[in-house]
Amino acid sequence: MTEFTSDSLTISISLFLVSALAIGISGTMMIAIAERLAKQTGLGEALMGAVFLGLSTSLPGIVTSVTAAFGGYPALSISNALGDIAAQTAFLGIADITYLEFNLEYAAASAATLTQGTLLIVLLAIPLLTIANPAFTVWGIHPASIALIAAYIFGLRLVASAQNRPMWTPQQPENLPIKKPDAAESEPDGLIGLWLRFFLLAGVLAIAGYGLEQTGVSIADSTNLSENVVGSLFTAISTSLPELVTALVAVRRGALTLAVSNVLGGNSFDVLFLAFSDLAYRNGSIYQALTEHEIFILALTILITGILVLGLLRREKHGIGNIGFESFLVLLLYVGGFLLVSFS
């Protein structure tokens, strides 16, 4: 019996790594397509990153959370959703390290990115309100889930308005490197072809996300690790790999607004995982599964998102280790917070 368990765990870990690798490769390929679509459709990097790229790179996470909730693993579902957001925000700090000219938040600040950050804080606060009555449902759905979807849709309208008709514009940094198009970008591709390639890669992300969910549950069952730890660390970080990969590639290409909007937009969509998981969970409201662990992650994520917004407002050119104070604090709080969660 022990040998069977050991073999099963080895297979699960192997499939987990393969799925994570597929996510990383697909995410890398999507960024160039997303940048071209932003130009050719006129959507702009902020809206393209917030909606299409953010939603697509979030597919592994939503598949993981929804299937976990449907399978009766509410703790894994919630921890994955919240862990996704915290991990992806920390990834911006990593992307900031790779951008040497200025701090990333200094160069990428705009009315649209600030609106996205504020929207994310609002969305994260809604699940906290369910603590008062987590079991209350209407036709099996908690009102907070409806509020999350409505707030997200309204927030996207605000982001589009902030991008198209900004009431204020931050001073642009000097001496930003000019992006040089790749050879592939000079090839005449039609919009239909670009969209088809984009959604094909999004489909690969979704399939890989399902593989991560299945192996994540298997690892949780085969080890002494709790669903909370597996969800907030293993599956959350792995399903967040598209955001890390696309942020790093976007920064390397000079698409700074796309990098930040992808993470903030993806994070806002990730909060909706709770609403979708609530629909999939058939044993009452999924908010009943909120524990001190998830509440801590929610509060931590609100804190680091607030610090990120302050960084976008402060716009420090250079800081500690050539990154802004916000990136330094976000990375410090993320590592410290999850070490505390893991060993508590």
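Predicted, not measured: the structure shown is a model, and the values here were computed from it.

### Focus: the overall build of the protein
Each helix and strand in the protein was counted, giving 13 helices and zero strands. Along the protein, from the amino end to the carboxyl end, the secondary structure elements read α-α-α-α-α-α-α-α-α-α-α-α-α. Counting across all 344 residues of the protein, residues that qualify as buried make up 54%. In the protein, of all internal contacts separated by at least 6 residues, the share reaching a separation of at least 24 is 86%.

### Focus: the side chain of Asp270
Take Asp270: it is sitting in helix 11 (residues 256-280). Of the side chains bearing the opposite charge, Arg282 lies closest to the buried Asp270, which forms no salt bridge; the N-O distance is 20 Å.

### Section: empty space enclosed by the protein
Left-over empty space is what a probe sized like a water molecule reveals as it rolls over the atoms. Tallied over the full model, the rule gives one cavity of 30 Å³ or more. As a volume, the largest cavity reaches approximately 40 Å³. Around the largest cavity sit Ala50, Gln116, Leu119, Tyr152, Leu156, Val159, Leu264, Gly265 and Ser268, which together line it. Looking at the lining of the largest cavity, the elements that each hand over two or more residues are helix 6 (111-129), helix 7 (143-164) and helix 11.

### Concerning the packing of aromatic side chains
According to the stated counting rule, one finds six aromatic pairs in the structure shown. Taking the centre distance of 6.2 Å and the plane angle of 90 degrees together, the rings of Phe269 and Phe273 count as edge-to-face. Of this pair, Phe269 and Phe273 are both found in helix 11, four residues apart, which corresponds to roughly one turn of the helix. Here Phe269 and Phe273 have matching classes, each one buried. An aromatic cluster of three or more residues is present, and its members are Tyr152, Phe269, Phe273 and Phe276.

### What about the environment of Phe269?
For Phe269, a relative accessible area of 8% corresponds to the buried category. For the pair Phe269 and Ala81, spaced 188 residues apart in sequence, the C-alpha to C-alpha distance is 9.9 Å. In this view, Phe269 contacts Leu55, Ser58, Ile62, Tyr152 and Phe276; residues no more than four positions away in its chain are not counted.

Cut-offs applied
Just so you know, the residues in each chain are numbered from 1, in the order the chain's sequence is written. Under the rules for a predicted model, residues below a pLDDT of 70 receive no local features and side-chain atom pairs below 80 are neither given nor counted, while totals for whole chains, interfaces and linings still include all residues. Excluded from the side-chain calculations are hydrogens and water; all other atoms, namely the structure's heavy atoms, are used. Only runs of H or I of at least four residues qualify as helices and only runs of E of at least two qualify as strands under DSSP, and these elements are numbered from the N terminus. Under the scheme applied here, a residue whose accessible area is under 20% of the maximum for its type counts as buried, over 50% as exposed, and between as partly exposed, the area being computed with a 1.4 Å probe on protein chains only. For this analysis, residues touch if any pair of their heavy atoms sits within 4.5 Å. Within this scheme the basic residues Lys and Arg register as positive and the acidic residues Asp and Glu register as negative, but His and the chain ends are omitted. Salt bridges are identified by distance alone: a Lys or Arg side-chain nitrogen within 4 Å of an Asp or Glu carboxyl oxygen. Only protein atoms enter the 1 Å grid, on which a cavity is a set of points fitting a 1.4 Å probe that cannot get out and a pocket is an open set with protein on both sides within 12 Å along at least 5 of 7 lines, lining residues being those with an atom within 4 Å of a point. Grid points are joined across faces, edges and corners, and a volume is the space filled by probe spheres set on the points. Pairs were defined over the aromatic rings of Phe, Tyr and Trp, the Trp ring being its six-membered one, requiring ring centres within 6.5 Å. Orientation was assigned from the angle between planes: stacked under 30 degrees, edge-to-face over 60, tilted for the rest.

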